[in-house]
Amino acid sequence: MQKCVQAVLEIVKRRMDKGISDHDKAVKHNYGFIGDRAVHLDIGRIEKVSKPREYNRINGRISTWLLENESSL
């Protein structure tokens, strides 16, 4: 599970390093896996703007989901 989380957060970091921000707050709908490769799927609003706290927001949402679902993992 930790490898999966890290793979998603690496995608977020790479996108942010390019100065691209995702306005959608629905993390669980925008990230997934094709095989063992993490992917970002979003047809919503993505724009060229830096939002430094976005990484922490996404990491927090993933952490919350993990805590809420730990018994089924």
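This section reports on the structure supplied with the text. (Residues numbered from 1 in each chain as written. Predicted model: local features only at pLDDT ≥ 70, side-chain atom pairs only at ≥ 80, totals over all residues. Heavy atoms only, no water.)

## A few points about the overall build of the protein
And then number 1: Each helix and strand in the protein was counted, giving three helices and four strands.
And then number 2: Ordered by position from N to C terminus, the α and β elements of the protein give α-β-α-β-β-β-α.
And then number 3: For a compact globule of 73 residues, the expected C-alpha radius of gyration is about 11 Å, and the protein comes in at 12 Å, within 12% of that figure.
And then number 4: Taken across its 73 residues, the protein has 26% of its residues classed as buried.
And then number 5: Contacts spanning at least 24 positions in sequence make up 67% of the contacts within the protein whose residues lie at least 6 apart. (Helix = DSSP H or I, 4+ residues; strand = E, 2+ residues; numbered from the N terminus. Rg over C-alpha atoms; globule rule 2.2 N^0.38 Å. Buried < 20%, exposed > 50% of the residue type's maximum accessible area, 1.4 Å probe, protein only. Contact = heavy atoms within 4.5 Å.)

## Some details on the pattern of salt bridges
And then number 1: Tallied over the full model, the rule gives three salt bridges.
And then number 2: Within this structure, Arg15, Glu54 and Arg57 form a network of salt bridges that share partners. (Salt bridge = Lys/Arg side-chain N within 4 Å of Asp/Glu carboxyl O.)

## A short note on helix α1 (residues 2–17)
And then number 1: Taking 1.5 Å as the rise per residue, α1 with 16 residues should run 22 Å; its terminal C-alpha atoms sit 22 Å apart, in good agreement.
And then number 2: When α1 is considered as a whole, its buried residues turn out to be Val5, Val8, Leu9, Ile11, Val12, Arg15 and Met16. In a view along the axis of α1, the buried residues occupy a sector of 145°, so they form one face of it. Relative to its buried face, α1 has exposed residues pointing more than 90 degrees away, namely Gln2, Lys3, Arg14 and Asp17.
And then number 3: The inward-facing, buried residues of α1 contact β1 (20–22), β2 (31–34), β3 (37–40) and α3 (54–69). (Expected span 1.5 Å × (residues − 1). Arc of directions from axis to C-beta.)

## Comments concerning the side chain of Asn30
And then number 1: Note that Asn30 resides in helix α2 (residues 27–30).
And then number 2: A distance of 3.4 Å separates a polar atom in the side chain of Asn30 from a polar atom in the side chain of Asp22. (Polar contact = N/O pair within 3.5 Å; in protein donor to acceptor, adjacent residues only side chain to side chain.)

## Topic: a nonpolar patch on the surface
And then number 1: Nonpolar side chains collect at one region of the surface, where Met1, Trp65 and Leu73 lie side by side and expose about 330 Å² of accessible area between them.
And then number 2: Along the chain, Trp65 turns up in helix α3.
And then number 3: On the accessibility criterion, Trp65 (36% relative accessible area) is partly exposed. (Patch = residues over 30% accessible without salt bridge, like charges linked within 9 Å, V, L, I, M, F, W, Y side chains within 5 Å. Areas by Shrake-Rupley, 256 points an atom, 1.4 Å probe, with all protein chains shown as cover.)

Nothing here speaks to function; it is geometry throughout.
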